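Coordinate inspection notes
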Amino acid sequence: MVYTSLDALDFQFSDLPSLPRPNRVVLTTPTHFDVEYVINPHMSDNVGAVNKEVAFQQWKALRATYTALDVSPLIVNGRPGLPDMVFCANQTLPFYQPEQDRRGVVLSRMHAEQRREEVPYYGEMFAEQGYAVETLPDDLDVDFEGMGDAIWHPGHFLLWGGYGFRTEPAAYEALSELLAVPVVLLELQDADYYHLDTCFCPLDSTHVLVAPAAFDDESRAIIEQGFDTVIEAPDEEARHQFACNAHSPDGKHVLIQEGCEGTTERLRAEGFSPIELDTSEFLKSGGSVFCMKQMIW
Ligand code: ARG
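Summarised in this report is the structure supplied together with it. (Residues numbered from 1 in each chain as written. Predicted model: local features only at pLDDT ≥ 70, side-chain atom pairs only at ≥ 80, totals over all residues. Heavy atoms only, no water.)

1. Notes on the pairing of strand β14 (residues 273–277)
Judged from the five bridges that link them, strand β13 (residues 253–257) and β14 form a sheet pairing that is parallel. Bridge pairing in β14 places Val 254 opposite Pro 274. One crossover worth recording links β13 to the parallel β14 by way of helix α6 (residues 261–269), and it is right-handed. (Pairing = 2+ DSSP bridges. Helix = DSSP H or I, 4+ residues; strand = E, 2+ residues; numbered from the N terminus. Right-handed = clockwise from strand over helix to strand, strands pointing away.)

2. Structural notes on helix α4 (residues 217–226)
Every buried residue belonging to α4 is among Ser 219, Ile 222, Ile 223 and Gly 226, and all of these are buried. Projected down its long axis, α4 carries its buried residues within an arc of 100 degrees, all on one side. For α4, the exposed residues set more than 90 degrees away from the buried face come down to Asp 217 and Glu 224. (Buried < 20%, exposed > 50% of the residue type's maximum accessible area, 1.4 Å probe, protein only. Arc of directions from axis to C-beta.)

3. What about the sheet that holds strand β12 (residues 229–232)?
Here we have three strands laid out as an open sheet, ordered β10-β11-β12, and mixed in their pairing. Single-partner strands in this sheet number two, and they are β10 (200–202) and β12. Neighbour-to-neighbour, the strand axes of the sheet open up by a mean angle of 20 degrees, direction not taken into account. In this sheet, β12 lies alongside strand β11 (residues 207–210) in parallel orientation, the contact comprising four bridges. (Axes fitted to C-alpha atoms, helices over the stretch in contact; angles between N-to-C directions.)

4. Here's the deal with the environment of Gly 271
Within the secondary structure, Gly 271 sits in the loop between α6 and β14. Gly 271 sits in the exposed class, given a relative accessible area of 53%. Along the primary structure Gly 271 and Gly 251 are separated by 20 residues, whereas in three dimensions their C-alpha atoms are 9.9 Å apart.

5. Side note on the pattern of salt bridges
Tallied over the full model, the rule gives ten salt bridges. Put simply, Arg 239 and Asp 192 hold a salt bridge, and the shortest N to O gap is 2.9 Å. Here Asp 192 lies in the loop between β9 (183–187) and β10 and Arg 239 lies in helix α5 (residues 235–241), a separation of 47 residues in the sequence. Both residues of the pair, Arg 239 and Asp 192, count as buried. Where salt bridges share partners, they join Asp 190, Asp 192, Asp 235 and Arg 239 into one cluster. (Salt bridge = Lys/Arg side-chain N within 4 Å of Asp/Glu carboxyl O.)

6. Considering the site of the ligand
The local shell around the ligand holds 17 residues, among which Asn 40, Arg 115, Arg 166, Asp 197 and Ser 285 are the closest. In this structure, a nitrogen atom belonging to the ligand sits 3.1 Å away from a side-chain N or O atom of Asp 84. Here a nitrogen atom of the ligand and a backbone polar atom of Ser 285 are 2.8 Å apart. Protein chains shield 100% of the accessible area of the ligand, which is 350 Å² for the free molecule. When its residues are assigned to classes, the shell around the ligand shows five nonpolar, eight polar and four charged. (Near = heavy atom within 4 Å. Polar contact = N/O pair within 3.5 Å; in protein donor to acceptor, adjacent residues only side chain to side chain. Areas by Shrake-Rupley, 256 points an atom, 1.4 Å probe, with all protein chains shown as cover. Nonpolar A, V, L, I, M, F, W, Y, C, P; charged D, E, K, R; others polar.)

7. Describing the sheet that holds strand β7 (residues 150–152)
Either a parallel or an antiparallel arrangement is found when strands of a sheet pair, and the pairing is made through backbone hydrogen bonds. An order of β1-β9-β8-β7 is seen for the four strands of this open sheet, with the pairing classed as mixed. Each edge of the open sheet is held by one strand with a lone partner, namely β1 (2–3) and β7. As paired elements, β1 and β9 share two bridges and run parallel to each other. Residue pairing in the sheet places Tyr 3 in a bridge with Val 184 of β9.

Below you can see the structure in the form of structure tokens.
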């Protein structure tokens, strides 16, 4: 079932089947990372502007942070000619079906032509690792950018699906059927927030961090229905420093771009412990912590 309005929500979030937290993280080396084309507004002034050495140091610090939090990394090597491959949240949607105890990934259908060749590398890697590799129906011609736009509700078997720039709503109809999962749609309305993970970051089953300007009133109301506490990031921090492209692997720590002071203060006030990381080289491409990792079960 796909839900598109507040009125349609005919269930209690707390009644949904529970979903364990994923405990492994996929990270892709930024070996060939650069800004070589422009497919989102953040990239426009940054073609050729990546300092690769600095990018590698920043990526290593991210890897070390996950390791220190006991989340073991599975490392994928970036490929030549695929400068965005480091953003490994986008090529697949990992899933765990609690009722069947079944793990897998659904392959993306990248809207951005320049990124389409990234997908099969991840498909092969996950198949080798023993995951079921699913695809959307062959006869369905839709764009779907994986966990850039489709985000699990922590603790519950429910997906939040962003659409408007990269993923099309019809992809969620197919996903909902394929995984037998309810999907709540959120329309994105501001090109700076082109993926759902740029403006919507569920921290645990009751707290979410958002960039309000990314959504219309209806979507904001739906988000309030789904979480007891909605933490709003200041727009400057969300828009330019990717404050909402953060990640909480454990419902306590929040890995976040450094310098998002208003956001980290609000996170602390809600009992979270921010861990600030510098992802400045990756911000040039329109990504930060959340899209540089893929959590798997
Ligand atoms: N340059 C990449 C793109 O535009 C960045 C992707 C960042 N990923 C994300 N989920 N926000 O596709």
